[in-house]
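So you can see what is in the structure, the chains are spelled out below.
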Protein chains: 2
Amino acid sequence: MADARYQVAAIGNAIVDVLVHCEDSLPAQLGFAKGVMTLIGDDQVEGIYNALPPALECSGGSAANTIVGVAQLGLKTAYLGKIRDDQLGRVFRHDIQKSGVHFPTPYALSGPATAQCFVLVTPDAQRTMLTYLGACVNFGPEDVDEEVIAQAAITYLEGYLFDPPQAKQAFRKAAKAAHDSGRKVALSLSDPFCVGRHREEFLDLIAGHVDILFANEEELTALYQTTSFDGAVSKVRSQVEIAAVTRGSLGSVVATAEKIIPVLADPVAEVVDTTGAGDLYAAGFLAGLGQGRDLDTCAIMGGIAAGEVISHLGARPATDLALLVKSKL
Amino acid sequence: MADARYQVAAIGNAIVDVLVHCEDSLPAQLGFAKGVMTLIGDDQVEGIYNALPPALECSGGSAANTIVGVAQLGLKTAYLGKIRDDQLGRVFRHDIQKSGVHFPTPYALSGPATAQCFVLVTPDAQRTMLTYLGACVNFGPEDVDEEVIAQAAITYLEGYLFDPPQAKQAFRKAAKAAHDSGRKVALSLSDPFCVGRHREEFLDLIAGHVDILFANEEELTALYQTTSFDGAVSKVRSQVEIAAVTRGSLGSVVATAEKIIPVLADPVAEVVDTTGAGDLYAAGFLAGLGQGRDLDTCAIMGGIAAGEVISHLGARPATDLALLVKSKL
C-alpha cells in the first residue's frame, strides 16, 4: 500500500448553516421535531426562513465540519461535496479551502442552489436542523474522485449521504475505491431518524464496508432496534474494527473486538450550542488515529474538539484546535 | 406637524459583512490601513477574499446596524438601502425585517451584487473594513421614499453615503424632505478618511441640513482640521443642535449651544471586536431621543448599546438590548 497523500478524506453534504437563537417553542410551532435533522423542500425554505429571527451564516455540513477539524489538527485532508456557483457556494468553498482542506469537486453550473441548513438553537443549547439539500441532490458517483480516495488512509462518510438518492451510489463507490487500495472506511450514523429512514441499507453497508463507525447512543440503539446501550455496543463490536460511540455529557465509549474503553467528556464551562458536537468528536478521534495514537487518546482528543465546538455558536472550531489539544493532552 | 409614524428612519449602504479573526499583520500585508474603512473595486474582491481565513457572514452596514439597534430598543423604525436580488441580498433583507424595521427599498434586478464588507478583526479587537459597494452604487434619489422620510421624527444618514456618487443626491433629497415636514436630520461622520474625502461637502451639509451630528474624536477633528478636541467641539456646537462625540474607552461628550455633557463609557469585561461601536452608540442615543429622555440618559444608552456590541464578534446586537438598557439605567 502506497503512502497516503491524505490522512483523511471526507464525503458529505456541502451545506451553509443559517444559525439562529430562538425560543424553545419555535421548532414545534414550525411543525418540526426538536433536536434532530429534518429535510425540507424548496417550497418550504422561504416560509421557514420568514419565521426565523435575524441569523448568522456560517459554513457547515456534518463531514465538512469534521474534515475542517481534522485539518486544523494538522493532518492532510480532502473533501468531496456538491455546491452551486452561487454566493453561498463560494462561501462554502472559501471556508473549507482556507481551512487547509483539498476540495476538488467543481461547482454545479445549473440546478438547485447551494444547500442550506436552518439551525435553530434553543436556550437549552440544543439544535434543531432543517435542511434544504439543494445542489447536494446532484452529488453522484461521477463526483467521487477515486484518485483522492485511493490516496487517503481513511475515507470518512456521513450517514446523511443516504438521503440524497444519488449520493448512496457515490457512497458505495467510494467505499469500494478505498478498500481496493487497502484503505479504511469510516462512517458516521449522523442522526437517529436518518438511521430509521435507511436502517437496512446502513446495516448492509456496515457489515460489508465499514471499518470505523461513529455514532451517538440514540443512533446506535436505533440501528440495532434495542433499548440496551450495552447490547448495541456488543453487536457493533462484532461488525466493525472500531466503534466510537458518544454519550453527550457522559463522554464516549470506544469498542473493538478486544476491549471496551469508556472515556470521560472534556469539561465545558458553558454549553452554548451543541451543533457539531458529533462532527468534532469524529474530527479529534480521526486526527488521533491519523497520528497513530492509541484509542484512549483518540477518544480524549474527540472529547476536547467536541468540547470546543459546543462552547460557542456554530459547528466549526472558533479557536486553534491544535493548540487546545496540545494544552490538554 | 403630524405625529411620526416612525421615530427613526435611516438611509445607508446596505452591506453584508464577512467577518474574520486575523493576525495583526494581515491588513498591512494586503496593503490596507488598519482600523479604517477602505473602498475596494470588484476586481479586488476575489483576491482579498482568497487571502482571508474562514469567515462568518452577518448583515452589516453602518446605518443598518444603528436602525436595528433602535428597533430592538422598541422604537418604530424604517430603513432605505440598495441590495441585489441575490443570496446575500436576501440575507440582508431577512435580518433587517426580522429585527422589526420597515424596509421598503425593492431589490435591484440587475447590476452589481449585494455589497460586502470584509471585516478583519485583529487580536487587539480593532477592525479594518474593506468594502465592495456593489448594488449600493445604484442607490439614488429615486430610492428616497419621501413618504417614509416625511413620517419619521428623525432621519439618520450615514456619512459613508457620500462615497457612492448618486447617494449624495439621495442624501440631500432626504434631508430636504425631512425638513420640509418639520422633522430632524441626523448624520454620522462614519470614518476619518471618509471625512477627508468629502470634507467640504460635509461642512456644507452640516451647516445647512444637519440637526444632530454623531462623530468620534478622529472624525470631528478631521472635519475641522484641528488637533484640538475642545476646539472641534466648540465649533460643532455652534453648527448643530446636538453633537454626540464618542471617545472610545473615555466615553462620550454631548454638546449643545447651552452645555457640554461628558458621559463615561459603559464598562465592558472583554472587548472582542469594536465593529459597530459607533453604530450602536448612535442607536442607543437615538432611541433615547425618540423616547424623550434627557441628553445625559441618551448618551448613557448609547454607551450601553456600544458596550454590548464590542463584547462579541459582529456589528449587530447579540443580546436583548431593551432588557440590557432596562437593567442598567
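Novice: Mind laying out the sheet that holds strand 11 (residues 242-246) of chain B, listing which residues take part and the relevant values?
Specialist: Residue and element names in this part refer to chain B. Here we have 8 strands laid out as an open sheet, ordered 5-1-8-9-10-11-12-13, and mixed in their pairing. A single partner strand is all that each edge strand has here, and the edge strands are strand 5 (77-80) and strand 13 (260-263). Geometrically, the sheet is characterised by an average inter-axis angle of 15° between neighbouring strands, direction not taken into account. In the sheet, strand 12 (residues 252-255) pairs with strand 13 via 4 bridges, with the strands oriented antiparallel. Bridge pairing links Ala-255 to Ile-260 in strand 13.

Novice: Got a sec to walk through the relation of the copies chain A and chain B? Specific residues and values, please.
Specialist: Mapping chain A onto chain B calls for a rotation angle of 180° and an axial translation of 0.0 Å; the resulting RMSD is 0.0 Å. On this basis, the relationship between the two copies can be described by a two-fold rotation axis. The C-alpha atom lying nearest the rotation axis in chain A is that of Glu57(A); the distance is 2.4 Å. Interface overlap between copies is the fraction of interface residues in one copy that are interface residues in the other; for chain A against chain B it reaches 100%, indicating a shared surface.

Novice: Describe helix 13 (residues 321-328) of chain B, naming the residues involved and giving the relevant values.
Specialist: Residue and element names in this part refer to chain B. When helix 13 is considered as a whole, its buried residues turn out to be Leu-321, Leu-324 and Val-325. Angular distribution of buried residues about the axis of helix 13 spans 95°; they occupy a single face of the element. Opposite the packed face of helix 13, turned more than 90 degrees from it, sit the exposed residues Leu-323, Lys-326 and Ser-327. Lining the buried residues of helix 13 we find helix 3 (62-72) and helix 12 (295-309).

Novice: Any chance you could break down the interface of chain A and chain B for me, citing the residues and the numbers?
Specialist: On the chain B side, the residues contacting the 18 residues of chain A number 18 residues. If one sorts the elements of the side of chain A that touches chain B by residue count, helix 4 (residues 87-98) of chain A sits on top with 6 residues. Residue composition of the side of chain A that touches chain B, by class: 9 nonpolar, 4 polar and 5 charged.

Novice: Could you give an account of unusual backbone geometry, naming the residues involved and the relevant values?
Specialist: Residues and elements named next belong to chain A. The phi dihedral of Ala-125 falls on the positive side, at around 70°, and the residue is not glycine. As for its placement among the helices and strands, Ala-125 is situated in the loop between strand 6 (115-121) and strand 7 (127-132). The phi dihedral of Gln-225 falls on the positive side, at around 45°, and the residue is not glycine. Checked against the element boundaries, Gln-225 lands in the loop between helix 9 (217-223) and helix 10 (229-236).

Novice: Break down the nonpolar core for me, citing the residues and quoting the values.
Specialist: Judged by nonpolar contacts, the single largest core of 240 residues is most densely connected at Val8(A), Leu286(A), Val8(B) and Leu286(B). Once residues lying within four places of it in the same chain are set aside, the contact partners of Val8(A) are Ile67(A), Val70(A), Leu75(A), Thr77(A), Ala152(A), Ala153(A), Ile154(A), Tyr156(A), Leu286(A) and Gly290(A).

Novice: Describe the environment of Glu200(B), with residues and values.
Specialist: Examined against the element boundaries, Glu200(B) turns out to sit in helix 8 (residues 199-209). Residues Glu200(B) and Thr155(B) lie 45 residues apart in sequence; the distance between their C-alpha atoms is 22 Å.

Novice: Would you mind going over helix 11 (residues 277-290) of chain B in detail, with residue names and values included?
Specialist: Residue and element names in this part refer to chain B. With 14 residues, helix 11 should cover 20 Å at 1.5 Å per step; its first-to-last C-alpha distance of 20 Å lies within 8% of that length. With respect to burial, helix 11 is a largely interior element, 14 of its 14 residues being buried. Where helix 11 terminates, the next one or two residues include Gly-292, which has phi positive at roughly 75°.

Novice: I'd like a description of the packing of helix 3 (residues 62-72) of chain A against helix 11 (residues 277-290) of chain A, backed by residues and values.
Specialist: In a pair of packed helices, the angle between the axes and the distance between the axes together describe the arrangement. Residues and elements named next belong to chain A. Look at helix 3 against helix 11: their axes get within 8 Å of each other, and the N-to-C directions meet at 40°. Overall, the two elements helix 3 and helix 11 adopt an arrangement that is oblique. Once helix 3 is placed against helix 11, the crossing between them reads as right-handed. Along its contact with helix 3, which presents Ser-62, Asn-65, Thr-66, Gly-69 and Val-70, the element helix 11 presents Asp-279, Leu-280, Ala-282, Ala-283, Gly-284, Leu-286 and Ala-287. Here the residues of the contact of helix 3 with helix 11 are counted per class, giving 6 nonpolar, 5 polar and 1 charged.

Novice: So what's going on with the environment of Pro54(B)? Which residues, and what values?
Specialist: Along the polypeptide, Pro54(B) turns up in the loop between helix 2 (42-50) and strand 4 (56-59). Owing to 21 C-beta atoms within 10 Å, Pro54(B) belongs among the buried residues under this scheme. In sequence terms Pro54(B) and Val325(B) are 271 residues apart; their C-alpha atoms lie 34 Å from each other. Beyond its immediate sequence surroundings of up to four residues, Pro54(B) is in contact with Ser59(A), Asp95(A), Lys98(A), Ser99(A) and Arg316(A).

Novice: Account for the pairing of strand 12 of chain B, with residues named and values stated.
Specialist: Residues and elements named next belong to chain B. Residues of strand 12 alternate between two faces, with Ser-252 and Val-254 on one and Val-253 and Ala-255 on the opposite face, all of them buried. Pairing of strand 11 with strand 12, which is carried by 4 bridges, proceeds in the antiparallel orientation. Each residue of the ladder has a partner; that of Thr-246, found in strand 12, is Ser-252. Between strand 11 and strand 12, which follow one another and run antiparallel, lie 5 residues, and Gly-248 among them has a positive phi close to 60°. Between strand 12 and strand 13, which pair antiparallel and follow one another directly, the connecting turn spans 4 residues.

Novice: Residue-level account of the sheet that holds strand 10 (residues 212-216) of chain A, with values.
Specialist: Residues and elements named next belong to chain A. A sheet is described by the order of its strands in space; here 8 strands give the open sequence 5-1-8-9-10-11-12-13, paired in mixed fashion. Of all the strands in the sheet, the pair left with one neighbour each is strand 5 (77-80) and strand 13 (260-263). Neighbour to neighbour, the strand axes of the sheet diverge by 15° on average, direction disregarded. Each of strand 10, strand 11 (242-246), strand 12 (252-255) and strand 13 is contacted by helix 10, which is oriented at about 35° to strand 12, the strand it contacts most.

The rules behind each value
- Residues numbered from 1 in each chain as written.
- Chains lettered and ligands numbered in written order.
- Predicted model: local features only at pLDDT ≥ 70, side-chain atom pairs only at ≥ 80, totals over all residues.
- Pairing = 2+ DSSP bridges.
- Helix = DSSP H or I, 4+ residues; strand = E, 2+ residues; numbered from the N terminus.
- Axes fitted to C-alpha atoms, helices over the stretch in contact; angles between N-to-C directions.
- Least-squares fit on C-alpha atoms with pLDDT ≥ 70 in both.
- Contact = placed C-beta atoms within 7 Å.
- Buried ≥ 20, exposed ≤ 12 C-beta atoms within 10 Å, placed from the backbone.
- Arc of directions from axis to C-beta.
- Nonpolar A, V, L, I, M, F, W, Y, C, P; charged D, E, K, R; others polar.
- Core = buried A, V, L, I, M, F, W, Y, C linked by C-beta atoms within 7 Å.
- Expected span 1.5 Å × (residues − 1).
- Parallel < 35°, antiparallel > 145°, perpendicular 65-115°, else oblique.
- Left-handed = near helix turned anticlockwise from the far one by under 90°.

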